[in-house]
Amino acid sequence: MNEDKLKEILTCKSIDPAVRLDFPMLAVKSHGQPFAYLNNAATSLKPKPVLEAMARYYQEYGSSVFRGVDSIAYKATQAFEATRYKVKDFIGAKQAESIVFTSGATAGLNLVCHSFAAARLQPGDELVVGATEHHANYVPWQQLCKQKGARLVLAPNNERGEVTPELLESVMTDKTRLVAVCHMSNVMGAVNDLKALAAIAHRHGAYLVADGAQGIVHERPEVADWDVDFYAFSAHKIYGPTGVGVLYGKYDLLESMPPMIYGGEMIDVVDVADTTFRDPPYRFEGGTPPIAEVIGLGAALDYINSLGYCCMQQKTLQLCKRAVRGLQQNPNVEIYNPDNYFSGIVSFNVKGVHPHDAASIYDREGIQVRAGHHCAQPAMRWLRQNATLRASFAFYNNEEEADRLVTATKKAGDFLDVFF
Ligand code: PMP
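Not measured: the values here are computed from a predicted model.

Asks: Looking at this structure, I do not really get the sheet that holds strand E16 (residues 370-372). What am I missing?
Replies: The strands making up a sheet associate through backbone hydrogen bonding, with each pair oriented either parallel or antiparallel. Reading across from one edge, E13-E14-E17-E16 is the order of the 4 strands in this open sheet, with antiparallel pairing throughout. One side of each edge strand has no neighbouring strand; the edge strands of this open sheet are strand E13 (333-335) and E16. The average undirected angle you get between the axes of adjacent strands in this sheet is 30 degrees. Bridge count for E13 against strand E14 (residues 345-350) is 3 bridges, and the pairing is antiparallel. For Val 333, the partnering residue across the bridge sits in E14 and is Val 350. Where helix H12 (residues 309-328) meets the sheet, its contacts fall on E13 and E14, and the angle it forms with E14 comes to roughly 20 degrees. On the sheet, helix H13 (residues 355-364) packs against E14, E16 and strand E17 (388-392) and is oriented at approximately 40 degrees with respect to E17.

Next comes the structure, spelled out in C-alpha cells:
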C-alpha cells in the first residue's frame, strides 16, 4: 500500500457505530454472550439491504431471467444485468461483458484453468503459482500441470508473505506461460502489487490470473489499470450472498475460450450435429443462474458505496492494530503477520495450545475465530505450522470485540497452565 493511499484511509471519516444495526447476526447471542464474529475472512455478515433486496426479488418479481417476454421477467432480467454494470464499475473494468457470473472465486479460477490455460499449456511449459496460495488458486494449477506435463513453479514470498516484483522476476523464464497469485493472502493478510506483477508476467509473454477473494474486501481492485488478465472473487466475502461470484476476464481472452457448462441460455443455434454459442459472458453462464444472489451482490456493492470503501478500510485497520497490540502483550502468543493490519487478519498461535482447543475456548466466550490450515496448506508449510488461529475483522466489529479476543487469549494461555 503506498503512502498516499494509507493517508487517505487514515484521514477519511469514521464509520458510524450505528452501522452495526444493519447486521442482524450481530444481535445473536452465543453461549449467553453477545456474539463476537471475528471470522470475516471466511465469510462476511450480510447487511439488511442485501437480505431485503433478495427477499424483494422472491416476493415481488421472482421470475427467471432472459427467458420471459412478460414485464415481471423483464424486471428480473433488468435487476440481474444491473449487477453486471455495478461490478464493472466497482472493479474498474472497461466493459460489462468482461464480467462473468460464477458460483464463487473457486469456480472462476477453475474456469480460467480448464477453459483458458488448458488450451495453451504444452509439455515442458512452466506455470508460476504463489507459494502460499489458497487451495482454490493452487490445486487447479497443480493438477493442470500434471495433466499437461508442465512444470509448477512456486513464486517465493518475502517475510511478510508478499510475492514482490523481485521475487516473481526471480522465477520467470522464457517457458513461463501463466502466473497465478492472490491479491491478498487469507493467512498472512499480505497484499500483492498486482499491477507490478502483471507487468512482469506480460514482459515474459505470460498471463496473470489473480485470486481476488480476500483482496477485493480490503483494496478496491482496478483491473483495467492493473492490466490483470483475469480476476476472480466471491460475493459472500464482501457482504453479499453465498453461491455467487465473478470472474473478470479481458474480453478478447474470454472470446477465445470455449464454454465449460453446456445447457440453456449459453447457446446461439443448436443444430442436430453441432451448436454455436453466445458471446461472453453468457457463453459461460449455462443454466438458470443464481438470480436472487446476483441481485444480492448488486445490493452489497450499493451498500459498500453508500458507506464509503475508505471508511471501511480505516475501521478494519484500526481494529486489527488494536488486537495485534493487545496480543503482543501476551508472551504466550506468537503472531505470524504482525504488520499486515490493513487486511484485518491476525494469524497467530498460543504456545502449547492446539488452535482447535483455543478456538473452543473462544467459542465459550462467544467469539468465533477460524482455527486450522485455512484451506492453505502450502502457507502452513511455509510458516512451519500445522495450523494457526485466525481472527479477522470487518468494519462492523468494534473495539470491545477486539479486547475480548485479547482477554480470551489470556484464558487460552491459562488453560495451558492448568494442564502443565
Ligand atoms: N482464495 C482465497 C484467498 C480465499 O480466502 C478463498 C475463501 N476462503 C477462496 C479463494 C475461495 O473462495 P470460495 O470458497 O468463495 O470460492
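Read on for the rest.
Asks: Is there a simple way to think about unusual backbone geometry in this case?
Replies: Across the junction of Pro 280 and Pro 281, the peptide omega takes the value 5 degrees, indicating a cis bond. Take Pro 281: it is sitting in the loop between strand E12 (275-277) and helix H11 (291-307). Here the phi dihedral of His 374 falls at roughly 60 degrees; this positive angle occurs in a residue that is not glycine. Tracing the chain through its elements places His 374 in the loop between E16 and helix H14 (377-383). Positioned with a positive phi, Arg 384 is a non-glycine residue whose angle comes to about 60 degrees. For Arg 384, the position within the fold is in the loop between H14 and E17. Residue class for Arg 384 comes out exposed when judged on its relative accessible area of 75%.

Asks: Looking at this model, I keep getting lost on the sheet that holds strand E8 (residues 207-211). Mind explaining?
Replies: Spatially, E4-E10-E9-E8-E7-E5-E6 is the arrangement adopted by the 7 strands of the open sheet, whose pairing is mixed. Strands at the two margins of the open sheet, each flanked by one partner only, are strand E4 (99-102) and strand E6 (151-155). Between one strand axis and the next, the sheet turns through 20 degrees on average, direction left out of account. Against the sheet, helix H3 (residues 71-91) engages E4, strand E9 (230-234) and strand E10 (245-249), with an angle of about 115 degrees to E4. Those strands touched by helix H7 (residues 194-203) are strand E7 (176-182), E8 and E9, and its axis lies near 150 degrees from that of E8.

Asks: Would you mind going over the state of the cysteines with me for this structure?
Replies: Two cysteines joined by a covalent bond between their sulfur atoms form a disulfide. All told, the structure shown has 0 disulfides when counted by the stated rule. Cys 113 provides the cysteine sulfur closest to Cys 145, a residue in no disulfide bond, and the two sulfurs are 8.2 Å apart. Residue classification places Cys 145 among the buried residues on the basis of a relative accessible area of 3%. Cys 311 forms no disulfide, and the closest cysteine sulfur to it belongs to Cys 12, at a distance of 4.1 Å.

Asks: Would you take a moment to explain the pairing of E8 for this structure?
Replies: Consecutive side chains of a regular strand alternate in pointing toward one face of the sheet and then the other. Counted residue by residue, E8 has 4 buried out of 5 residues, so it is predominantly covered. Bridge count for E7 against E8 is 5 bridges, and the pairing is parallel. In the strand pairing of E8, Val 179 is matched with Leu 208. Each parallel crossover has a hand, and for E7 linked through H7 to E8 it is right-handed. The sheet contact formed by E8 and E9 spans 3 bridges and is parallel. Directly across from Asp 211, in E9, lies its bridge partner Ala 232.

Asks: What am I meant to see in the environment of Gln 142 here?
Replies: Topologically, Gln 142 is positioned in helix H5 (residues 139-148). Taking the C-alpha atoms as reference, Gln 142 lies 9.9 Å from Val 128; in sequence the two are 14 residues apart. Polar side-chain contacts of Gln 142 include one of 3.1 Å to the side chain of Gln 143.

Asks: What's the story with the environment of Arg 160 in this structure? I'm lost.
Replies: With respect to the helices and strands, the residue Arg 160 is situated in the loop between E6 and helix H6 (165-169). Residues Arg 160 and Asp 227, 67 residues apart in the sequence, show an inter-C-alpha distance of 24 Å. Setting aside its immediate chain neighbours within four residues, Arg 160 contacts Met 188, Ala 190, Asp 339 and Asn 340. Only 3.0 Å separates the side chain of Arg 160 from the side chain of Glu 162, close enough to count as a polar contact. Here the side chain of Arg 160 touches Asn 340 through a polar contact of 3.1 Å, side chain to side chain.

Asks: Would you take a moment to explain the site of the ligand for this structure?
Replies: Every residue near the ligand is listed here: Ala 105, Thr 106, His 134, Ala 136, Asn 186, Asp 211, Ala 213, Gln 214, Ser 234, His 236 and Lys 237. For the ligand, an oxygen atom lies 2.6 Å from a polar atom in the side chain of Thr 106. Residue His 134 places a side-chain N or O atom 3.2 Å away from a nitrogen atom belonging to the ligand. Considered on its own, the ligand offers 400 Å² of accessible surface; in the complex 85% of this is hidden by protein. Grouping the amino acids of the shell around the ligand by side-chain chemistry returns 3 nonpolar, 6 polar and 2 charged.

Definitions and limits used
- Residues numbered from 1 in each chain as written.
- Predicted model: local features only at pLDDT ≥ 70, side-chain atom pairs only at ≥ 80, totals over all residues.
- Heavy atoms only, no water.
- Pairing = 2+ DSSP bridges.
- Helix = DSSP H or I, 4+ residues; strand = E, 2+ residues; numbered from the N terminus.
- Axes fitted to C-alpha atoms, helices over the stretch in contact; angles between N-to-C directions.
- Contact = heavy atoms within 4.5 Å.
- Buried < 20%, exposed > 50% of the residue type's maximum accessible area, 1.4 Å probe, protein only.
- Disulfide = S-S within 2.5 Å.
- Right-handed = clockwise from strand over helix to strand, strands pointing away.
- Polar contact = N/O pair within 3.5 Å; in protein donor to acceptor, adjacent residues only side chain to side chain.
- Near = heavy atom within 4 Å.
- Areas by Shrake-Rupley, 256 points an atom, 1.4 Å probe, with all protein chains shown as cover.
- Nonpolar A, V, L, I, M, F, W, Y, C, P; charged D, E, K, R; others polar.

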